[in-house]
Structures are given as C-alpha cells and as structure tokens.
Amino acid sequence: MKIESIVRKNILQLKPYTSAREDHLTGILLDANENSFGPVVNDEWNIGLNRYPDPFHNKLREELASYLSMRKENLFIGVGSDEIIDLTIRIFCEPKIDNVITLEPTYGMYKVVCDINDVSTISLPLNNNFQIDLEKVYKAITTNTKVIFICSPNNPTGNLIEPKSIMELAEKFNGIVFVDEAYIDFASQDSLIAKVGRVPNLIVTRTFSKAWGLAGVRCGFCASSKEIINLLYKIKMPYNLNKLTSEVILHALKNYEQKDKFVQAIKNERKFIKDELNSMPGITKVYPSETNYILFECENPSSVYTKLIEIGIVIRDRSSQVKNSLRVSVGTREENIKFLNGLKDILAG
Ligand SMILES: Cc1ncc(COP(=O)(O)O)c(C=O)c1O
C-alpha cells in the first residue's frame with residue numbers, strides 16, 4: 001500500500017514550519033531570538049539551555065537506533081507515547097469523516113485523543129481470551145477506517161496480543177496498524193519493532209515511562225516506515241522534545257543495565273503478588289500478567305478500592321472495563337506487603 005494514499009490532503013500539502021535550529025546548531029547564533037548571555041539557572045549538564053533544541057532529535061535518535069539495532073530513519077521521538085497517538089490521528093484522520101477502531105477493554109487515551117480530534121471510534125470487544133477477533137475487525141472496517149489501535153501487552157488486562165494476528169491485520173488492512181508496546185519490557189515476547197521494515201503501515205510505540213523509571217521525564221518513541229516517520233516530523237511542534245529530557249534519555253540509554261535489573265525485580269515482585277492474591281480468600285480471579293501490573297477480581301471492587309484509599313493505598317478500579325476488577329501496579333516489596341495486608345483485612349471484613 002502507498003502511505004500517501006491514506007494521509008489527509010491538508011497534511012500532504014502542508015508547508016511545515018522551518019525552525020532556526022533545523023539548519024544550524026552551532027556558530028554565532030543570532031537567528032532565533034534566544035538569550036545569548038545564558039540561562040538564569042545553572043546549566044549543570046552544560047547543554048546550552050538558552051538555546052532551542054534540535055527539532056530532529058538527531059543525537060538521541062542515533063543513540064536509540066544503536067541501542068535498538070535499528071536505523072535512525074525509522075525512529076521518531078515524542079513527548080511520551082501519548083504525543084505519538086495524537087500525531088497519528090492528526091496525520092491520517094479527517095475530523096467528522098474518518099474513524100478509528102479500538103479493541104476493548106484497552107488503554108483509554110486512544111478514544112480520548114479521537115474525541116479531541118473529532119474522529120469517531122468503533123469500539124470492538126476483544127474475545128474471551130482478550131485476543132483480536134479478526135473476523136469482527138474485518139467486518140467493522142469501513143472505507144473511512146484509518147487506524148486500528150492494538151495495545152500489546154494490553155492495558156488493563158495484562159496479556160500480549162498474538163503477533164500473528166497483528167501482522168495479518170497489517171498486511172490486509174489499508175490503513176495504519178498502531179501497536180502500543182508501553183509494557184513490552186516486562187513481557188515474555190520480543191517487541192514488534194523488528195517488523196516495521198516488512199510493511200509500511202505499522203507503527204510500534206514504546207516508552208521510557210515504565211521499565212526505565214522515567215515517567216516524569218515524558219519521553220516515548222515509535223518505530224515505523226520512513227514515510228510515516230517523515231510525516232510525524234513534518235507535523236509535530238518544532239521543539240517538542242526539550243533539552244533536559246533528551247539529556248536524561250541519553251544518560252538512561254548508557255545505563256540500560258539498570259533498567260534490565262529493574263525489570264527483573266519487578267517480574268519477581270509480580271510473581272510474589274500473584275501468588276499471594278491466588279491464595280487470598282475473597283479474590284475470585286487473578287489474570288496472568290506480562291506487564292508491571294496485575295488485574296484481579298473480587299466482590300464489591302469499588303468499596304474495596306475506597307477502603308484501600310482510606311488506609312493510604314491507591315490502586316485502580318477497572319470494574320467499568322472488566323467486571324469486578326481492580327488493577328494494582330507492582331511496587332517495592334514493602335509497598336506490596338502493605339497492599340496485600342490491607343487488602344486481606346478489607347476482604348476479611
Ligand atoms: C498502554 C499505554 N500506552 C501509553 C501510555 C502512556 O505512555 P507515555 O507515558 O509514554 O505517554 C500508558 C500509560 O499508562 C499506557 O498504559
């Protein structure tokens with residue numbers, strides 16, 4: 001398929017803003033109305049905080065590409081993966097005309113971003129195993145369906161979506177297959193980023209917010225075909241990623257072994273919580289998890305949720321998405337024990 005054929009006309013015709021830092025990052029810089037005297041705070045990393053950042057994230061993309069064994073041209077970096085969800089909708093979906101498919105229960109931002117952009121969503125249920133019912137999807141696709149969102153591992157259910165179904169969709173669907181891999185670092189299967197070379201319409205997003213422990217920094221990225229990466233760079237805000245974020249991520253990439261250690265520790269704690277929940281009276285179901293959270297069921301989840309808050313423990317009530325369910329993020333051993341003890345007391349009444 002030709003990506004151009006599914007891009008909004010105004011985006012194809014758009015003459016993007018050309019920013020000063022696009023052409024020149026060094027020299028006597030008197031082109032962007034910055035403050036040549038310097039920043040009003042201590043520039044601890046000596047990264048030129050008084051200057052605008054590189055709009056194309058070249059250094060960061062090079063380092064990330066090397067870490068992922070990919071080509072820089074296939075990577076886009078955003079202010080969290082949420083920015084990439086929004087940009088994707090804006091590139092491909094004509095407000096009030098086009099639509100997007102979501103597979104429920106799933107991450108709520110896909111629909112919110114569509115609502116903000118006045119793009120309608122067709123919500124289809126995942127099957128009983130929380131996998132894609134391909135026949136249902138094929139039946140629901142209309143000529144105006146531009147994007148299908150797939151969250152794998154899925155939030156809040158915690159399972160991986162079968163890569164075979166995803167790739168079949170990518171090959172057959174004349175639109176964008178958007179795979180959100182925010183939690184892939186905790187999963188037992190590899191990321192699909194290696195597959196972006198195979199089809200032009202696959203976007204795979206990942207984030208530094210989870211395994212890397214950098215949710216406060218706001219950085220996510222996606223791998224895709226060169227055509228889609230160029231479109232993302234064409235329409236994003238000129239200086240979306242700030243220099244502090246870039247610098248932290250460059251340090252993080254050098255420190256990836258620490259991320260790997262965190263992932264192992266989180267997986268150990270996930271097993272600990274799962275075993276405890278499985279043997280706890282009042283817990284009716286514990287879902288398998290390929291993520292850093294666990295979905296479980298009990299009677300009166302809303303009341304359990306509120307009682308946990310009263311003792312200072314905050315989890316998430318997901319019963320509007322999966323009947324009787326609560327979702328708990330994996331914490332440190334101390335936090336997990338407090339949560340489990342609190343929950344046990346509440347369930348014992
Ligand atoms: C499935 C999923 N995708 C994306 C995000 C947001 O990621 P980011 O922090 O990179 O915007 C979340 C956050 O909870 C998530 O659960």
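## Let's talk about the sheet that holds strand β5 (residues 176-180)
Next, step 1: Taken together, the seven strands give an open sheet; going across it, the order is β1-β7-β6-β5-β4-β2-β3, and neighbouring strands pair in mixed fashion. With one partner strand each, in any of the chains shown, β1 (75-78) and β3 (120-125) form the two edges of the open sheet. Ignoring strand direction, the axes of neighbouring strands in this sheet form an average angle of 25°.
Next, step 2: Helix α3 (residues 58-68) contacts β1 and β7 (220-223) of the sheet and is inclined by roughly 120° relative to β1.

## A word on the pairing of strand β8 (residues 283-286)
Next, step 1: Here three bridges tie β8 to strand β9 (residues 293-298), and the two strands are oriented antiparallel to one another. What sits directly across from I283, in β9, is C298.
Next, step 2: The antiparallel pairing of β8 with β9 creates a hairpin that spans six residues between the two strands.

## Quick look at the domain arrangement of the chain
Next, step 1: According to the domain assignment, the chain consists of domain 1 (3-19 + 55-254) and domain 2 (258-348).
Next, step 2: On the side of domain 2, 18 residues touch domain 1, which itself brings 16 residues to the contact.

## Regarding the packing of helix α4 (residues 80-92) against helix α5 (residues 109-116)
Next, step 1: Where α4 contacts α5, the axes come no closer than 10 Å and their chain directions differ by 45°. Considering their axes alone, α4 and α5 lie oblique with respect to each other. Here α4 runs over α5; the crossing is right-handed. On the side of α4, the interface is formed by D82, I85, D86 and I89, while α5 contributes M109, Y110, V113 and C114.

## A short note on the pairing of strand β2 (residues 99-104)
Next, step 1: Most of β2 sits out of view: five of its six residues are buried.
Next, step 2: Direction of pairing for β2 relative to β3: parallel, over a ladder of six bridges. Its bridge partner lying in β3, E104 is registered against P125.
Next, step 3: Handedness of the crossover joining β2 and β3 through α5: right-handed.
Next, step 4: In terms of strand pairing, β2 meets strand β4 (residues 145-151) through four bridges, oriented parallel. Pairing of I101 across the sheet is with I148, part of β4.

Definitions and limits used
- Residues numbered from 1 in each chain as written.
- Predicted model: local features only at pLDDT ≥ 70, side-chain atom pairs only at ≥ 80, totals over all residues.
- Pairing = 2+ DSSP bridges.
- Helix = DSSP H or I, 4+ residues; strand = E, 2+ residues; numbered from the N terminus.
- Axes fitted to C-alpha atoms, helices over the stretch in contact; angles between N-to-C directions.
- Contact = placed C-beta atoms within 7 Å.
- Domains from an automatic or database assignment.
- Parallel < 35°, antiparallel > 145°, perpendicular 65-115°, else oblique.
- Left-handed = near helix turned anticlockwise from the far one by under 90°.
- Buried ≥ 20, exposed ≤ 12 C-beta atoms within 10 Å, placed from the backbone.
- Right-handed = clockwise from strand over helix to strand, strands pointing away.

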